[in-house]
Amino acid sequence: MVHWLCLAVFVTVLLVQCDSKDPYGTLGVERKATLQEIRRAYKQLAKEWHPDKSKHPEAEQRFVEIKQAYELLSDSERRKAYDQYGITNEDAIVNRERPDYTTYSRFQDPFEHFYGAHNFNFHDQDISLYHRLSITAKYYETNIVPKSRQTPQILMFYADWCFDCMKAANSFKKMIDTLEPYGVTFATINAGHEEQLVRRTGVHSLPCIVMVLDGHNYIYRESVFNAQHLVDFIRQKMPYKLLTPVTDDTLDAFLAGWTDNRARALILEPRVQPRLRYLITAFHFRERVAFGFVALNGRSTRHIQERFKNHPSLDTLLLFNEFPQRPVASISMSDIPTLTLNNVIGVNKFLVLPRLSSQPVLDGVCPVEWNRPRKRLCVVLVTENTSLHDGARQMLRRIALESSFSRERVRFAYIYREKQDEFIGALSQNNQLLQDALLKLVILWRRDTKHIRYEWLHEVVLQVDRASAENETHDQFFNSTKHKVDSAIQRLLRTSEALSYEAEVKVLSEASALDGMDLLDEHAQCLAIRMLNRLLLAIEFMTDNVGQEHILPALSVIGTIAFIFIIGYLMSYLLRLEEEDIQQKQGKNMESMNGKASSYIPELRLHELRAEKYNGLVRLLKPGCRTIVLLTDMQSRPKLISAFHKAVWPYRKNKTLMFAHMLIEKGIGWYAELLRLSLSESREMKINPRNCIGTVIALNGHRKYFCMYHAKHPESNRGAKRMIKMTRHLTSMPSDPEAGAFLGMESSDSEASMSDVSEPKILLEENLLDGLPNWLDRLFEGTTHRYYINYWPDFTSK
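Just so we're clear, the structure is a prediction, and the values are computed from it rather than from any experiment. (Residues numbered from 1 in each chain as written. Predicted model: local features only at pLDDT ≥ 70, side-chain atom pairs only at ≥ 80, totals over all residues. Heavy atoms only, no water.)

## As for the pairing of strand E6 (residues 263-269)
Successive residues of a regular strand alternate their side chains across the two faces of the sheet.
Logical step 1: The buried count for E6 comes to 7 of 7 residues, which makes it a mostly enclosed element.
Logical step 2: Relative to strand E7 (residues 289-295), E6 is paired through 7 bridges, and the arrangement is parallel. Directly across from leucine 268, in E7, lies its bridge partner valine 294.
Logical step 3: Between the parallel elements E6 and E7, the chain passes through helix H14 (residues 276-284) in a crossover that is right-handed.
Logical step 4: Note: E6 against strand E8 (residues 315-320), 5 bridges, orientation antiparallel. Bridge pairing links isoleucine 267 to leucine 317 in E8. (Buried < 20%, exposed > 50% of the residue type's maximum accessible area, 1.4 Å probe, protein only. Helix = DSSP H or I, 4+ residues; strand = E, 2+ residues; numbered from the N terminus. Pairing = 2+ DSSP bridges. Right-handed = clockwise from strand over helix to strand, strands pointing away.)

## A short note on the state of the cysteines
Logical step 1: Enumeration over the complete set of coordinates arrives at 1 disulfide.
Logical step 2: Paired through a disulfide, cysteine 366 and cysteine 378 show a sulfur-sulfur distance of 2.3 Å. On the criterion of sequence distance, the pair formed by cysteine 366 in the loop between helix H17 (359-365) and strand E10 (377-383) and cysteine 378 in strand E10 is long-range, its members being 12 residues apart. For the residue pair cysteine 366 and cysteine 378, the accessibility class agrees, reading buried in each case.
Logical step 3: There is no disulfide at cysteine 208, and the cysteine sulfur nearest it, in cysteine 165, is 9.9 Å away.
Logical step 4: A relative accessible area of 2% places cysteine 208 in the buried class. (Disulfide = S-S within 2.5 Å.)

## Topic: the sheet that holds strand E20 (residues 787-788)
Logical step 1: The 6 strands lie next to each other as E15-E17-E16-E18-E19-E20, forming an open sheet whose pairing is mixed. Where the open sheet ends on each side, the last strands, each with one partner, are strand E15 (606-608) and E20.
Logical step 2: Lying on the sheet, helix H25 (residues 664-679) is in contact with E15, strand E16 (626-632), strand E17 (657-663), strand E18 (696-700), strand E19 (705-709) and E20; it crosses E17 at an angle near 115 degrees. (Contact = heavy atoms within 4.5 Å. Axes fitted to C-alpha atoms, helices over the stretch in contact; angles between N-to-C directions.)

## Examining the environment of leucine 213
Logical step 1: Relative to the elements of secondary structure, leucine 213 occurs in strand E3 (residues 208-213).
Logical step 2: The class of leucine 213 is buried, set by a relative accessible area of 3%.
Logical step 3: Considered as a pair, leucine 213 and proline 152 are 61 residues apart in the sequence and their alpha carbons are 5.1 Å apart.
Logical step 4: Sequence-distant contacts of leucine 213, that is, excluding residues within four places in its chain, are made with Ser148, Pro152, Tyr218, Lys237, Met238, Pro239 and Phe283.

## Quick look at the packing of aromatic side chains
Logical step 1: One pass over the full model with this rule turns up 17 aromatic pairs.
Logical step 2: A ring pair is formed by tyrosine 24 and tyrosine 82, whose centres lie 6.2 Å apart and whose planes are at 45 degrees; its orientation type is tilted. Here tyrosine 24 is found in helix H2 (residues 23-27), whereas its partner tyrosine 82 is found in helix H5 (residues 76-85), with 58 residues between them in sequence. In this pair, the class of tyrosine 24 matches that of tyrosine 82, namely buried. (Phe/Tyr/Trp six-rings, centres within 6.5 Å; stacked < 30°, edge-to-face > 60°.)

## Observations concerning helix H3 (residues 35-49)
Logical step 1: Counted at 1.5 Å a residue, the expected span for H3 with its 15 residues is 21 Å, and the 21 Å between its end C-alpha atoms agrees.
Logical step 2: Among all positions of H3, only Leu35, Ile38, Arg39, Ala41, Tyr42, Leu45, Ala46 and Trp49 are buried. Around the axis of H3, the buried residues are gathered within 165 degrees of arc, so they sit on the same side. (Expected span 1.5 Å × (residues − 1). Arc of directions from axis to C-beta.)

## Quick look at helix H12 (residues 227-237)
Logical step 1: Of the positions making up H12, those classed as buried are Ala227, Leu230, Val231, Phe233, Ile234 and Lys237. Down the axis, H12 shows its buried residues gathered within 160 degrees of arc, on one side only.
Logical step 2: With a side-chain oxygen positioned 2.8 Å from the backbone nitrogen of glutamine 228, the residue opening H12 is asparagine 226. (Polar contact = N/O pair within 3.5 Å; in protein donor to acceptor, adjacent residues only side chain to side chain.)

## So, the environment of leucine 230
Logical step 1: Here leucine 230 lies in helix H12.
Logical step 2: Judged by its relative accessible area of 0%, leucine 230 is buried.
Logical step 3: With 76 residues separating them along the chain, leucine 230 and isoleucine 154 place their C-alpha atoms 9.7 Å apart.
Logical step 4: Excluding residues within four positions of it along the chain, leucine 230 makes contact with Ile154, Met175, Leu179, Phe186, Ile209 and Tyr220.

## Side note on the pattern of salt bridges
Logical step 1: Counting across every chain of the model gives 33 salt bridges.
Logical step 2: Where arginine 31 meets aspartate 83, a salt bridge forms, and the shortest distance between an N and an O atom there is 3.4 Å. On the criterion of sequence distance, the pair formed by arginine 31 in the loop between H2 and H3 and aspartate 83 in helix H5 is long-range, its members being 52 residues apart.
Logical step 3: One network of salt bridges, with partners in common, ties together Glu269, Arg271, Arg275, Arg277, Asp315 and Asp335. (Salt bridge = Lys/Arg side-chain N within 4 Å of Asp/Glu carboxyl O.)

The values reported here are purely geometric and, on their own, carry no functional implication.
Below is the structure:
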């Protein structure tokens, strides 16, 4: 069976070889041609033989052959099979390299839709590619992240025994072949060895592609590992408006924007959307060059095409400096290589007279050169950000243009004194004031990154009067100034000549270098812009990482928090309304009290102790609450209630107290039973109701005890007896005969007076409650005697 299968495959290969043409001959390229050369030849032939553009009768057939040849040679595996075995049919390759196992299993690959229409073959997957490109977390920090600020970095996360990673190996190799010529860097990371980096980048599954751009990680979430999908992903994550659309109306404004200290670059393409390689180049040089995009197939760019005379079907790059009338460099090709773009733009990325606005600009304009014979000089003009100094800057710009020195040895620049005062101050020798350095030239030579040698040209002052800018006096002044500058440069370029002074460059980590210097970044974003950018990055991160399974929980949490805030705000609003209402009522009450201050009597509620109120006033009292009851009869009621009201008035705001009065005629039975229970006697008590008038009882319903006040009760006279005893002691002292007189008790009448005080013979009805305020004070102090009972007797009215 195997022999017949091999014979069938061999016959199929022969038939394919007989019927197929040479793909190299079809595209007109050599067998050693690179992928870029094959792609370029295919595009040229496709334009020439496209059925819509060519009238040749065999154009359609020829176009199909060109397309088939390109598909064969652009696939590295098929091209390798053709070079070794002459096989052009992809199915023949699969059948040749793998026996047919369809009789043993009908298993269908679930990843067939994602990675191609062929069953998985371990021999076709170059898994060693992952190991060759594998990096560590340290390399990621020290190389990948810094390089991502200039070029996109693509990382593939994989594992050693990951079936899906093996499936994606071939597709990943094709991505590398397609995007590496554009400057994109590829690397792989073993997820099993770098778990911390996996968590940091947010990798959710394997295999996973992560793009590092400008220090930020972006996860590629497409299930299809395809070069075109990856190109679209990179385009989407690129910063907004890297290439500004330029038309006939906006061309002059774009080229005149060089005052932001950046050169201008125009990319002209016969298409609506710029190529990815131009986007990556614009991202690489975005700090020093502003890029504009011109779509040549649009009606609004005809004037640009006529002005620069570029070919309408070729890509063109034009570079401009301070003089936008003509470009300083230009390239026109059907497909400009990335290396050519970087070389041309890198040479012309600075203006003729750039401004030293940051440390990177200083490093680019005035590079380090330690070798004295090859030292590089930088001529810097100190100015201010004002239009009055435009003439001085224009003169130095003209000197730079007409200079005979090579740009590799001598560069010209200017600096703002108010922005870089520390830098200029460090270059001022002998405590020279900054004002003296204005409109003067200083020549710099950077021996290394920490030291700068310099020399001031004090005899050259670029003070230009605008009124004489066009006359002969100005030309003479320019010529003399240029001669002085050229002479100084020529002298300092000599090997034997050294610059006079030296300054130390401040390293950012060495704050102690007080005499050092460093350039302030004038293009740094303010705090508000940085916060806005971080907010946008956070929103973008949430958009990329929050899936459908996270939406409902997130909405639930947000809804709960919003509900809590709404309820809290509503409650605070209602509380504020209530407080305002209370304040209004209090204001009205105060107004009415001010109007009727003489007639207003605050309310003190007195209850009448009866059978229907007995439970509420006594038995059902809450813990800590007491009821104070006054005993009266019908005749003494008006007088006693008035005195009782006056005595308890200070306690009206105490919420634990209730005040009541009881007619002794109605409650004599209850009162008698109460006294009997307190004496623990079984005999019946016979009480004269008239003697009970003026008695005050404090009832504690919860703890079942009461305290009693009466004018003739022994406890009511306790304070008076103490004073009498003290007076007797003082009057008996022979050393102080005046003590009795001081207390109002003289000589022989003291004893009679004491007996009158202790035992008054007549007690009037209106005087029954005179001692009540003192008794109330002792009641609330807890010094009164308490009479405990087992239960409260029933209240029976007569």
